[in-house]
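Listed below are the residues making up each chain.
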Amino acid sequence: MNKQCYSLMLAASLTMGAAWAQVEKPAVKDDFKPSELNQPGQEYPQVNSQGYVRFRIKAPQADSVRVSLGLGGRGGTRLTKDPEGFFTGTTEGPLDEGFHYYHLNVDGGTFNDPGTLNYYGSVRWESGIEIPAHDQDFYQLKNVPHGHVQQVLFPSKSTNTSRRAFVYTPPGYEKGNKRYPVLYLQHGWGEDETAWSNQGRANLIMDNLIADGKIKPFIIVMTYGMTNEVKFGKIREFKIEPFQTVLVDELVPYVDATFRTMASRDKRAMAGLSMGGMETRNITVNKPDVFGYYALLSGGVYSPEDLKDKARPELVFLSAGSKEKPDGVRNAAAALKTAGYNSVSYVSEGTAHEFLTWRRSLYQMAPLLFK
């Protein structure tokens, strides 16, 4: 075969391959609807049934607008300006299911999308968008009895101030004299005590589980996990002792004195996502007499040596997304089980270090607590 013939055949093959790739890529469906996290009356951003997102921003004096979502580290989605001063664009591909933080870059400056609600993450209030998940039913707002999430300010002598926590009490708490177990649930780095209710929908997950009869009701306490602020990339400089004092010596006694709790180790759990998992691991190892249930959600693992010669936990729950390092939690749970501990691992399929992983983890973990 001569070189000219070979070149023609190669060119034809590449052309056909490109054509097939174009044919195989599904068309973007024009069934976009406003995101469920939009501010009232705002039409954009919009999400379609495939998970694509369309943005529209009015910025007549701007030259460039990008959205931090959409291209996986390649600069986000660039919007195109029309004669009326609106910048519009659609993500190159569908986004993963679940909740995403994002922001706008307007001529080099960072701003939030005026169309959406804001959520505290990345050490700032960020815009948020929700891509409907195929299993979203468990965290949706339904016509079931609802608990209450209330803000409390508790005294903290160690930090010389009053600190804030949010407390979820289950449906019917106000009407009786019943006492409840307590889960202390920690957020991740760059987030705060609002995260589990707002981004994580922990209260709705609990309401739905209780309504379905899948769990016995319990209280959840969520507080700010930072006592010595650290910059991005400096998490190793975080010191657990000051926060441990706030949680164990100040918040736990306040909650037990203020709410109708079952104030014993076997009715008290601690869990956390990411950095909150690191906090959970350190505090439960340091104070095994305080908490009886441990859970690390994308937040590390325990080894049998970590728990040796300490009060035995009732349960160790380890989880991660399948796009993280799921073998780590599986292997760690298996090693704990071999050593005689009640351990469970859970892997969220198709998710990474994100809130759909942690929503699913809470949903799987809650029925295992306080047995």
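Residues numbered from 1 in each chain as written. Predicted model: local features only at pLDDT ≥ 70, side-chain atom pairs only at ≥ 80, totals over all residues. Heavy atoms only, no water.

The name an unreviewed UniProt entry assigns to the protein is Esterase, from the organism Dyadobacter sandarakinus.

A. The arrangement of the environment of Glu84 in detail. Structurally, Glu84 is set in the loop between β6 (80-81) and β7 (86-90). Relative accessible area serves as the criterion here: at 57%, Glu84 is assigned to the exposed category. Residues Glu84 and Ala59, 25 residues apart in the sequence, show an inter-C-alpha distance of 9.3 Å. (Helix = DSSP H or I, 4+ residues; strand = E, 2+ residues; numbered from the N terminus. Buried < 20%, exposed > 50% of the residue type's maximum accessible area, 1.4 Å probe, protein only.)

B. Just the sheet that holds strand β5 (residues 77-78), in detail. Pairing within the open sheet is antiparallel, and its four strands lie in the order β5-β4-β9-β10. Unpaired on one side and paired on the other, β5 and β10 (109-111) mark the two borders of the sheet. Summarising the sheet, strand β9 (residues 104-106) and β10 pair through three bridges and their orientation is antiparallel. Bridged to Val106 within β10 is Gly109. (Pairing = 2+ DSSP bridges.)

C. Broad picture of the nonpolar core. Counting residues in each nonpolar core, the largest one holds 40 residues, and the members touching the most others are Tyr184, Val221, Phe291, Tyr302 and Leu318. Looking at this core, the element that brings in the most residues is helix α4 (residues 240-258), giving eight residues. Residues in contact with Val221, not counting those within four places in the same chain, are Ala165, Phe166, Val167, Val182, Leu183, Tyr184, Leu185, Leu251 and Val255. Phe99, Phe166, Tyr168 and Met206 belong to the second largest nonpolar core, which has 38 residues in total. (Core = buried A, V, L, I, M, F, W, Y, C linked by side-chain atoms within 4.5 Å. Contact = heavy atoms within 4.5 Å.)

D. Representation of the pairing of strand β16 (residues 219-223) within the structure. Summarising burial for β16: five of the five residues are buried, a large majority. Covered by surrounding structure in β16 are Ile219, Val221 and Thr223 together with Ile220 and Met222, the residues of both alternating faces. Across four bridges, strand β14 (residues 161-169) lies against β16 in antiparallel orientation. The partner of Phe166 across the bridge, within β16, is Met222. As paired strands, strand β15 (residues 182-186) and β16 are joined by three bridges and run parallel to one another. By the bridge assignment, Tyr184 is partnered in β16 with Val221.

E. Summary view of the sheet that holds strand β8 (residues 98-102). Strand order in the open sheet formed by three strands is β8-β12-β11, with antiparallel pairing between adjacent strands. Of all strands in the sheet, those with a lone pairing partner are β8 and β11 (118-121), marking the two edges. With direction set aside, neighbouring strand axes in the sheet form an average angle of 50°. Relative to strand β12 (residues 124-131), β8 runs antiparallel, the two sharing five bridges. Among the inter-strand pairings, Gly98 is bridged to a residue of β12, identified as Ile131. Taken strand by strand, helix α8 (residues 355-365) contacts β8 and β12, and its axis lies near 145° from that of β8. (Axes fitted to C-alpha atoms, helices over the stretch in contact; angles between N-to-C directions.)

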